[in-house]
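Descriptive analysis of the structure
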Amino acid sequence: MFLRWFSLVALTLAFHGRAGTFPTKPVKVIVPFSPGGGSDTFVRILQSGIQANQLLGQPFTVINVPGAGGTIGSRRAKGAFPDGHTILNLHDGILSAKHSGQALYGAEAFEPIAATGRSGTLICVSDEAPYQTLAEVLAAARKNPGSVSFGANFGATSYFAGRMLEQVYEGAEFNFVPAGGGAKRFAAMKGGHLDVSTFTVSEYVGFQAGGLRAVALLGAERHPAFPEVMTAREQGIDVDWDLIQYWWAPKGTPPERIARLAAVLREAMATPEVAAKFKELYVDPLFVTGPELTRLIGERDAKVARLSVRQAIELPDFPMMIGMLLVVVGGVAAWRGGRPAAMEAGTLKALAGLGLSLGVYVLALQSGRVAYVFATMVFMFALGAWLMRGGQRRWSALAVTACGVSGLCQVVFTRWLIVDLP
Amino acid sequence: MDPVLLIWIFLGVTVGVLVGAVPGLTGAMVISLSVPLTFGMAPEPALALLVSMYVGSVSGGLITATLLRIPGTPASIITTLDGYPMAKEGRPGRALGLGMFASLFGGLASWLVLVLLARPLADWSTRMGPADMFSLVLFALVLIAVVSRESLWAGIFSGLLGIFCALPGQHPALGHPRMTFGIAEMDAGFRLLPVLLGLFAVSQVLRDVVELNKRAVTIEVRGDSLWLKWSEWRTQLFNLIRSSALGSLVGVLPGVGANVGSILAYGAAKAHSRTPERFGQGCDEGIVASEAANNATVGGALVPLVALGIPGSVVDAILLGALVIHGLQPGPLLFTNNPEIVGVITNSYLVANLFMFVVMMLGARFIAKLSRVPKEILIPVILTFCVVGCYALGNRMFDVWVMLIFGLVGFGLDRLRVPLAPFVIGFVLAPMAEENLCAALMLSGGSWLPFFTRPISAVFLVIALAVGVSAVVYRPRGTSQQSP
């Protein structure tokens with residue numbers, strides 16, 4: 001009976017949701033990188049533009065799901081309910097992750113909403129290096145293949161930029177070395193550990209004075225901030241590669257909702273505060289949507305798809321080595337150590353009780369059907385009561401703690417720290 | 001300094017200390033989640049707030065590490081080794097007092113380093129290539145053997161197991177997923193916080209629950225004082241200076257954090273001690289070394305940030321993001337273009353250390369009572385924070401399951417008398433070691449020679465070898481009864 005009522009209510013709500021204008025609840029945008037990173041900063045600038053001008057009519061919240069080069073977050077978005085309330089922001093990394101084998105899916109697994117903003121890519125060397133132009137760098141990489149080290153994380157977009165250069169300048173071969181993010185690559189170049197690497201325009205603005213020299217911009221025309229830096233094309237190297245930020249919705253999201261989201265993003269881009277921030281960060285205010293966007297993504301995907309990841313040298317097989325060492329040392333330790341203490345009945349009981357309460361609690365949270373505050377309150381009270389069974393009973397203290405802590409966690413984490421609690 | 005900034009610093013330190021003390025919440029997590037909160041603020045108070053949260057969180061971990069044997073942050077793992085035994089002996093006040101003063105000393109010493117030596121040290125840090133970094137990390141790994149008090153082989157086993165558990169996830173050099181058993185959620189491997197919370201918090205809770213039934217000992221606070229006599233500090237002076245110097249230097253190196261600083265300082269203190277057998281049983285030197293060093297890494301880590309715009313730690317990477325959002329361009333020009341911002345960072349760091357000491361000293365009387373809160377109430381609270389903290393790390397339930405599984409692993413290892421600290425050391429250091437080893441090998445085209453020909457690398461390798469051999473050959477006194 002309850003279930004029937006419940007489903008009726010749910011249906012009405014769903015119907016209401018359809019009848020009302022989208023969005024009917026906060027739109028969550030999954031950023032598959034940590035807070036404070038480049039993508040996160042980018043999204044939050046647009047977010048503040050949307051929120052300040054109330055463009056959406058509902059909150060626009062950022063949920064960070066970092067890990068594995070963005071694939072943990074993109075997979076979450078891929079599996080989200082396709083009603084437009086969960087979307088993803090991910091740059092060209094979505095293309096490179098597929099073609100380097102880090103993920104089994106690429107752009108085709110999503111409905112593209114819009115492309116917003118483009119950052120130019122510069123090829124840089126240390127200012128103590130003998131190279132003045134990209135052509136000289138490539139000539140050296142052709143003369144002695146593998147002698148020029150190129151800092152880029154394997155399978156990342158900058159890696160593919162390097163591979164594109166190799167492909168166009170036949171015979172040139174870089175020695176690709178993983179080198180982390182922009183700041184780490186700058187440190188490595190300054191210390192003389194790397195010869196060449198890529199930087200975005202805003203990174204270059206910051207690090208230039210520390211001893212970097214741009215030898216080429218991988219763009220269609222020279223950048224207004226550095227009119228002296230030649231494009232690769234001007235040097236006879238036909239490579240055009242930059243970093244575009246895209247917004248994606250799960251497959252099956254209704255087209256009118258995608259259009260609405262695209263319109264909101266377009267309006268946000270046009271607000272003066274977003275435009276000013278983008279200018280500060282040297283982001284070109286590109287905006288593409290609709291069929292033109294599909295064409296753009298297809299073009300860029302084809303560029304990356306032609307290339308592959310090349311491994312230069314054989315690296316030691318650590319899982320094997322550590323595993324074998326572990327077995328040997330474990331054997332010695334077991335032989336030298338005494339017998340372990342036997343398990344008593346009390347121990348097992350404690351394990352079972354704690355395991356059961358924690359397991360049920362976490363499963364309940366995972367199912368997403370129980371509100372966080374409620375589940376936590378019940379869990380704390382039940383566990384505390386079970387622990388008290390043998391000793392003094394402090395019911396009131398326990399009840400106050402359970403209510404207080406669960407309420408506090410709910411408020412702090414959802415209102416203040418914006419965490420996506422069930 | 002602007003009095004409004006002082007209020008922000010006070011707020012930041014207090015929040016930081018609380019967050020550091022609560023198992024489940026770490027500084028990096030709360031700071032990263034608070035960055036969006038600072039968007040509406042001017043850059044100066046925003047940075048003051050974030051820097052002081054950083055200082056507070058590294059210090060606050062000491063409290064639960066000492067009183068509950070649950071390190072509140074990864075930085076205080078080593079503090080559990082001596083802090084908890086001392087508290088259990090009935091001297092929690094002394095343990096906290098030692099830790100707080102050492103934290104203050106480490107913080108102030110590294111502030112001096114930050115103000116006086118930022119430029120040369122930052123330049124030195126860029127000269128450390130992947131080969132040098134690998135050898136340094138290898139040296140820290142060898143210290144596992146030194147830290148393992150109970151039994152050398154069990155300690156090494158634990159360290160190897162930690163290294164093994166750090167292997168799943170993205171290959172550190174090639175980026176492809178490895179050892180994920182086809183589980184997509186494993187593509188990012190196990191993250192440090194869930195593993196740490198599982199091993200220390202959940203397994204400690206399991207132990208506590210078992211002991212509850214036995215009506216086991218609770219800590220009886222005897223009349224002990226937070227304030228130590230000057231003569232006692234004089235004996236620690238050299239230890240304080242050495243640990244702070246080590247912490248500052250380690251902090252300067254990018255990617256090497258507070259936990260490595262405290263491991264190195266603890267190892268050095270033990271190696272220099274006239275009574276090494278007392279380490280791990282609640283000795284002053286151990287607490288002092290760990291806490292001075294982990295606070296010193298914070299100042300050290302700010303060195304490359306202000307001098308070159310390179311983050312020296314995870315938290316600094318978040319600070320860099322905050323700079324960008326506030327329209328500042330991080331990089332070598334920050335000093336020239338925005339000297340006032342660099343000033344705000346260094347001054348906030350100094351004031352935050354002083355406030356941290358005041359806040360913790362004033363709170364200590366109250367804090368020490370934490371160990372007397374009934375376990376029946378404390379345990380559900382700790383577990384709730386652990387669950388929500390793990391979830392908040394990446395908005396993923398997977399991390400919570402990882403924590404629970406490592407809780408069982410930790411409990412099992414403890415039953416087998418395998419020490420847990422080496423596990424975490426291995427787990428933290430392995431990815432750094434592998435990343436740098438791979439990068440060095442790829443740079444040299446597969447040759448191992450640079451590890452021996454680069455002077456810095458060679459020095460670290462020689463020290464590592466010497467320490468390793470001496471740990472195996474000359475067994476420390478006090479461990480012999482463990483051998484059959």
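Residues numbered from 1 in each chain as written. Chains lettered and ligands numbered in written order. Predicted model: local features only at pLDDT ≥ 70, side-chain atom pairs only at ≥ 80, totals over all residues. Heavy atoms only, no water.

1. Describing the overall build of chain B
Where we set the bar: Counting from the N terminus, the helices are DSSP H or I runs at least four residues long and the strands are E runs at least two residues long. Our radius of gyration looks at C-alpha atoms and nothing else; its globule reference is 2.2 Å times the residue count to the power 0.38. We call two residues in contact whenever any of their non-hydrogen atoms come within 4.5 Å of each other.
A count of helices and strands for chain B gives 19 helices and two strands. Relative to the 2.2 N^0.38 estimate, which gives 23 Å for 484 residues, the radius of gyration of chain B is 21 Å and therefore close to what a compact globule would have. For chain B, the spread of C-alpha atoms along the three principal axes comes to 65 × 55 × 50 Å. Across chain B, the fraction of contacts at a sequence separation of at least 24, relative to all contacts at a separation of at least 6, is 78%.

2. With respect to the overall build of chain A
Stated formally: Only protein chains enter the area calculation, which uses a 1.4 Å probe; residues under 20% of their type maximum are buried, those over 50% are exposed, and those in between are partly exposed. Note that accessible areas follow from Shrake-Rupley with a 1.4 Å probe, and for residues the cover is restricted to the protein chains shown. Residues scored as charged are limited to Lys and Arg (positive) and Asp and Glu (negative), so that His and the chain ends carry no count. To locate a charge, the coordinates of NZ of Lys, CZ of Arg, CG of Asp or CD of Glu are taken.
When its secondary structure is counted, chain A shows 15 helices and eleven strands. Relative to its full complement of 422 residues, chain A shows a buried share of 52%. Within the structure as shown, chain A displays about 18,900 Å² of accessible surface, and the carbon and sulfur contribution to it stands at 61%. The average position of the 38 basic charges and that of the 31 acidic charges among the side chains of chain A differ by 13 Å.

3. Points about the interface of chain A and chain B
The cut-off we apply is this: The term buried area denotes the loss of accessible surface (1.4 Å probe radius) that occurs when two parts are joined, taken as the sum for both partners. For this analysis, a salt bridge means a side-chain nitrogen from Lys or Arg found within 4 Å of a carboxyl oxygen belonging to Asp or Glu. Contacts described as polar in this section are N or O atom pairs within 3.5 Å, which, within protein, must combine one atom able to donate a hydrogen with one able to accept it, while residues neighboring in sequence count only if both atoms come from side chains. Each residue is assigned to one class: nonpolar for Ala, Val, Leu, Ile, Met, Phe, Trp, Tyr, Cys and Pro, charged for Asp, Glu, Lys and Arg, and polar for all the others, Gly among them.
With 97 residues of chain A at the contact, the number on the chain B side is 105 residues. Contact between chain A and chain B buries roughly 8,200 Å² in total, counting both sides, with carbon and sulfur atoms accounting for 74%. For Lys184(A), the salt bridge identified is with Glu435(B), shortest N-O distance 2.9 Å. Summed over the shared surface of chain A and chain B, the result is ten residue pairs in polar contact (both at pLDDT 80 or more). If one sorts the elements of the side of chain A that touches chain B by residue count, helix 13 (residues 345-367) of chain A sits on top with twelve residues. Each residue belonging to the side of chain A that touches chain B can be placed in one class, and the counts come to 58 nonpolar, 26 polar and 13 charged.

4. Thoughts on helix 13 of chain A
Residues and elements named next belong to chain A. As a reminder of what qualifies: A helix is expected to span 1.5 Å multiplied by its residue count minus one.
An ideal rise of 1.5 Å per residue puts 33 Å on 23 residues; helix 13 measures up with 32 Å between its terminal C-alpha atoms. Taken residue by residue, helix 13 has Thr347, Ala350, Leu351, Gly353, Leu354, Ser357, Leu358, Gly359, Tyr361, Val362 and Leu365 as its buried positions. Gly368 sits one or two residues past helix 13 and shows a positive phi near 75°.

5. Description of the sheet that holds strand 9 (residues 212-217) of chain A
To summarise the sheet geometry, strands pair through backbone hydrogen bonds and adopt either a parallel or an antiparallel arrangement. Residue and element names in this part refer to chain A. What counts is decided by this rule: Strands are treated as partners if at least two bridges between them are detected by DSSP. To define axes, lines are fitted to C-alpha atoms, for helices over the stretch in contact only, and angles between the resulting N-to-C directions are given on a 0 to 180 degree scale.
Sheet architecture is open: five strands sit in the order 7-6-8-5-9, paired in mixed fashion. Sheet topology places strand 7 (174-177) and strand 9 at the edges, where each strand pairs with a single neighbour. On average, each strand axis in the sheet is tilted by 35° relative to the strand beside it, whichever way the strands run. Helix 6 (residues 157-168) rests against strand 5 (121-126), strand 6 (148-151), strand 7 and strand 8 (196-200) of the sheet, and its axis sits at about 175° to strand 7.

6. Re the nonpolar core
Within soluble globular proteins, side chains that are nonpolar generally end up buried alongside one another. Heads up, the rule is: In this description, a nonpolar core means a group of buried Ala, Val, Leu, Ile, Met, Phe, Trp, Tyr and Cys residues linked to one another through side-chain atoms lying within 4.5 Å. What counts as a domain boundary in this text is fixed by an automatic or database domain assignment.
Membership of the largest hydrophobic core comes to 252 residues, with the highest contact counts inside it found for Leu122(A), Leu134(A), Leu165(A), Phe174(A), Phe413(A), Leu383(B) and Met403(B). With 16 residues, the single largest contributor to this core is helix 17 (residues 421-443) of chain B. Formed jointly, this core draws a minimum of three residues from each of two domains, domain 2 (121-235) and domain 3 (347-416) of chain A. Dropping the residues within four chain positions of it, Leu383(B) is found in contact with Leu354(A), Leu358(A), Phe379(A), Leu383(A), Val202(B) and Val205(B). In this structure, Ile45(A), Leu46(A), Phe60(A) and Met269(A) belong to the second largest nonpolar core, which totals 29 residues.

7. Section: the domain arrangement of chain A
By the assigned domains, chain A splits into domain 1 (22-117 + 244-305), domain 2 (121-235) and domain 3 (347-416). Distance from the C-alpha centre of domain 2 of chain A to the C-alpha centre of domain 3 of chain A: 54 Å.

8. So, the packing of aromatic side chains
For any pair of aromatic rings, geometry is given as the distance between the ring centres together with the angle between the planes. All names here are of chain A. For clarity, the threshold we go by: Between rings of Phe, Tyr and Trp, where Trp is taken as its six-membered ring, a pair exists when centres lie within 6.5 Å; planes separated by under 30 degrees are stacked, by over 60 edge-to-face, and by other angles tilted.
Overall, the coordinates contain 25 aromatic pairs over all chains when judged by the stated rule. Ring geometry for Phe60 and Trp247: centres 6.2 Å apart, planes at 45°, overall tilted. With Phe60 in strand 2 (residues 60-64) and Trp247 in strand 10 (residues 243-250), this pair connects stretches of sequence that are 187 residues apart. With relative accessibility at 2%, the residue Phe60 sits in the buried group. Plain terms: the ring middles of Phe199 and Phe207 are 6.4 Å apart, the flat faces sit at 65° to each other, and that makes the pair edge-to-face. With a relative accessible area of 1%, Phe199 lands in the buried category.

9. With respect to the packing of helix 2 (residues 27-34) of chain B against helix 3 (residues 43-68) of chain B
All names here are of chain B. Selection rule: Orientation labels follow simple angle bins: below 35 degrees gives roughly parallel, above 145 gives roughly antiparallel, 65 to 115 gives roughly perpendicular, and whatever is left gives oblique. Left-handed describes a crossing whose near helix is turned anticlockwise from the far helix by less than a right angle; the clockwise case is right-handed.
Packing of helix 2 against helix 3 leaves a shortest axis separation of 9 Å and a crossing angle of 165°. It follows from the interaxial angle that helix 2 and helix 3 lie roughly antiparallel. Judged by the twist between their axes, the crossing of helix 2 over helix 3 is right-handed. Contacts from Gly27, Val30, Ile31 and Ser34 of helix 2 reach helix 3 at Leu50, Met53, Tyr54 and Ser57.

10. A few points about helix 6 of chain A
Between its first and last C-alpha atoms helix 6 of chain A spans 17 Å; for twelve residues at 1.5 Å apiece the expected length is 16 Å, and the two agree. Where helix 6 of chain A is concerned, the buried positions are Thr157(A), Ser158(A), Tyr159(A), Phe160(A), Ala161(A), Gly162(A), Arg163(A), Met164(A), Leu165(A) and Glu166(A).

11. So, unusual backbone geometry
Backbone torsion omega between Phe22(A) and Pro23(A) reads -5°, so that peptide bond is classified as cis. Despite not being glycine, Phe181(B) has its phi angle at roughly 55°, a positive value. Its location among the elements puts Phe181(B) in the loop between strand 2 (177-178) and helix 8 (192-214).

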